[in-house]
Amino acid sequence: MDNDTPNSIGKVIRNTNWQLSSDLENQIMKEVNFISSRRKQIKRDRTATLWVFSFAMLFGLILNFIPEKYIPVFAELSSDTIRLVFQFAWILLLLLFLDSYVVARRSYRASVR
Amino acid sequence: MMDDLFYVERIRAGEDEAFRFLIRKYQDYSFSIAISVLKDDFMAQEVVQDAFVKVYRNLHSFQGKSSFSTWLFRIVTNEALMRLRKTKQDRLEFYDSFTDEDVPVQLELPAMQDEEWERLLNRALQELSPNESLAIRLFYLEEENVKKVREITGWTDTNTKTILHRARKNLKRVLLALLKKEEHG
């Protein structure tokens, strides 16, 4: 088609683009920054959740190895009760951890999409 | 292309401001593509905005198999065609009624100023059907590469060539009509 006309239609079309009248660049960047900050927030939340529950589980593990007589609260309880309390706490922690991890992962994926 | 990939990597590394470069570089091209399909400033603008946001969201999935611009234009084209389907403003029926009669193969057009040409061509492109003006716009944006037009639009090879052929003929026809109108008016 370039040979069709002395002025070369192809050249003119290539150089003739509609100019955006509004400040679209800043509007897009506003959205981009919003998405970016949301992603970072979710990432931070997820990291924080991981740390908190890792510490909690580590703490529980350490506590488990300390003889009961050194812990005044436990000294008065029977060993069966203590075991029960620990088991309950561990299951609760595990469930909370899994729940927050799944929620964080789902929202992260949603933000990426 | 190297430039684009460099900026894509920077964005992936968390430097969001690098996206500004890609917006500046491609916003007018993208707008031209969108307006070719939609024929409406406001909708085209919305489509460009949505397309760029989509590009940013999905930048992790860009593998660099095609150039960044081809990938971006494909997203813009899809968004524009989707919007067109939603608004049901497809004017194909009317323009498909064009026949090839009386269209000269070689078109002799008078010499004109560049600005005049730009104005006339933009008007002529606005008169073409969405598919035809899109085909013409992409064909010249992608340096007359039919394969790239095919990649962006998702049309088959034969379909692309047919639409392009028809688009060129119709563009000539519209240009002739506009010139005649200007001569008389």
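Residues numbered from 1 in each chain as written. Chains lettered and ligands numbered in written order. Predicted model: local features only at pLDDT ≥ 70, side-chain atom pairs only at ≥ 80, totals over all residues. Heavy atoms only, no water.

**Student:** Help me understand the overall build of chain B in this model?
**Tutor:** Counting secondary structure elements, chain B contains 9 helices and 0 strands. Going from N to C terminus, chain B has its helices and strands arranged as α-α-α-α-α-α-α-α-α. A total of 185 residues make up chain B; the buried ones form 52% of that total. Across chain B, the fraction of contacts at a sequence separation of at least 24, relative to all contacts at a separation of at least 6, is 71%. Total accessible area on chain B is roughly 9,400 Å²; 48% of this is exposed by carbon and sulfur atoms. (Helix = DSSP H or I, 4+ residues; strand = E, 2+ residues; numbered from the N terminus. Buried < 20%, exposed > 50% of the residue type's maximum accessible area, 1.4 Å probe, protein only. Contact = heavy atoms within 4.5 Å. Areas by Shrake-Rupley, 256 points an atom, 1.4 Å probe, with all protein chains shown as cover.)

**Student:** Explanation requested: helix α7 (residues 130-141) of chain B in the structure shown.
**Tutor:** Turn by turn, an α-helix covers 3.6 residues, leaving residues three or four places apart pointing in a common direction. Its 12 residues give α7 of chain B an end-to-end C-alpha distance of 16 Å, which sits within 8% of 16 Å, the value for a rise of 1.5 Å per residue. The set of residues buried in α7 of chain B consists of Pro130, Asn131, Glu132, Ser133, Leu134, Ala135, Ile136, Arg137, Leu138, Phe139, Tyr140 and Leu141 of chain B. (Expected span 1.5 Å × (residues − 1).)

**Student:** It is not clear to me how a nonpolar patch on the surface should be interpreted in this structure. Could you clarify?
**Tutor:** All names here are of chain A. A contiguous nonpolar patch, built from Trp51, Phe55, Leu58, Leu61, Ile62, Phe65, Ile66, Tyr70 and Trp90 and spanning about 1,000 Å² of accessible area, is present on the exposed surface. Top element by residues in the nonpolar patch is helix α2 (residues 24-65). It accounts for 6 residues. Its location among the elements puts Leu61 in helix α2. We classify Leu61 as partly exposed; its relative accessible area is 37%. (Patch = residues over 30% accessible without salt bridge, like charges linked within 9 Å, V, L, I, M, F, W, Y side chains within 5 Å. Salt bridge = Lys/Arg side-chain N within 4 Å of Asp/Glu carboxyl O.)

**Student:** Please explain the packing of α2 of chain A against helix α2 (residues 18-38) of chain B as it appears in this structure.
**Tutor:** Geometrically, a packed helix pair is captured by the angle between its two axes and the distance between the axes. In contact at an axis separation of 10 Å, α2 of chain A and α2 of chain B are set at 145 degrees when each is read in the N-to-C sense. The two elements α2 of chain A and α2 of chain B cross, and the hand of that crossing is right-handed. Contact residues: α2 of chain A offers Leu24, Glu25, Asn26, Ile28, Met29 and Val32 of chain A, while α2 of chain B offers Phe19, Arg20, Ile23, Arg24 and Gln27 of chain B. The class makeup of the residues in the contact of α2 of chain A with α2 of chain B is 6 nonpolar, 2 polar and 3 charged. (Axes fitted to C-alpha atoms, helices over the stretch in contact; angles between N-to-C directions. Left-handed = near helix turned anticlockwise from the far one by under 90°. Nonpolar A, V, L, I, M, F, W, Y, C, P; charged D, E, K, R; others polar.)

**Student:** Just checking my understanding: could you explain the pattern of salt bridges for this structure?
**Tutor:** A side chain of one charge can pair with a side chain of the opposite charge if their charged atoms are brought near each other. Tallied over the full model, the rule gives 13 salt bridges over all chains. For Arg83 of chain B, the salt bridge identified is with Glu46 of chain B, shortest N-O distance 2.7 Å. Separated by 37 residues along the polypeptide, Arg83 of chain B in helix α4 (residues 68-87) and Glu46 of chain B in helix α3 (residues 41-57) bring together distant segments of the chain. Through salt bridges that share partners, Glu25 of chain A together with Glu17, Arg20 and Arg24 of chain B make up one connected network.

**Student:** What exactly am I supposed to notice about the confidence of the model for chain B here?
**Tutor:** All names here are of chain B. Residues with a pLDDT of 70 or more make up 84% of chain B, whose mean pLDDT is 82. Element-level mean pLDDT values for chain B span from 44 in helix α5 (residues 92-96) up to 92 in α3. Long-range and interchain partners of residues 89-107, a stretch whose pLDDT sits below 50, account for 35 contacts in this model, where long-range means more than four residues apart. Model confidence for the complex is summarised by a pTM of 0.69, with the ipTM given as 0.72. (pLDDT = per-residue confidence, 0-100.)

**Student:** What is the right way to read the packing of α3 of chain B against α4 of chain B from this model?
**Tutor:** Residues and elements named next belong to chain B. Where α3 meets α4, the closest approach of the two axes is 9 Å, and the angle between their N-to-C directions is 130 degrees. Relative to α4, α3 is oriented oblique. Here α3 and α4 pass one another in a crossing that is right-handed. Taking contact as the criterion, the partners of Met43, Glu46, Val47, Asp50, Ala51, Phe52, Lys54 and Val55 in α3 are, on α4, Phe68, Trp71, Leu72, Ile75, Val76, Glu79, Ala80, Arg83 and Thr87. For the contact of α3 with α4, the class distribution of residues is 11 nonpolar, 1 polar and 5 charged. (Parallel < 35°, antiparallel > 145°, perpendicular 65-115°, else oblique.)

**Student:** Looking at this model, I keep getting lost on the layout of surface pockets. Mind explaining?
**Tutor:** There is about 200 Å³ of room inside the second largest pocket. Secondary-structure elements contributing two or more residues to the lining of the second largest pocket are α2, α4 and α7 of chain B. (1 Å grid on protein atoms, 1.4 Å probe; cavity = no way out; pocket = protein on both sides within 12 Å on 5 of 7 lines; lining within 4 Å. Points joined across faces, edges and corners; volume = space filled by probe spheres on them.)

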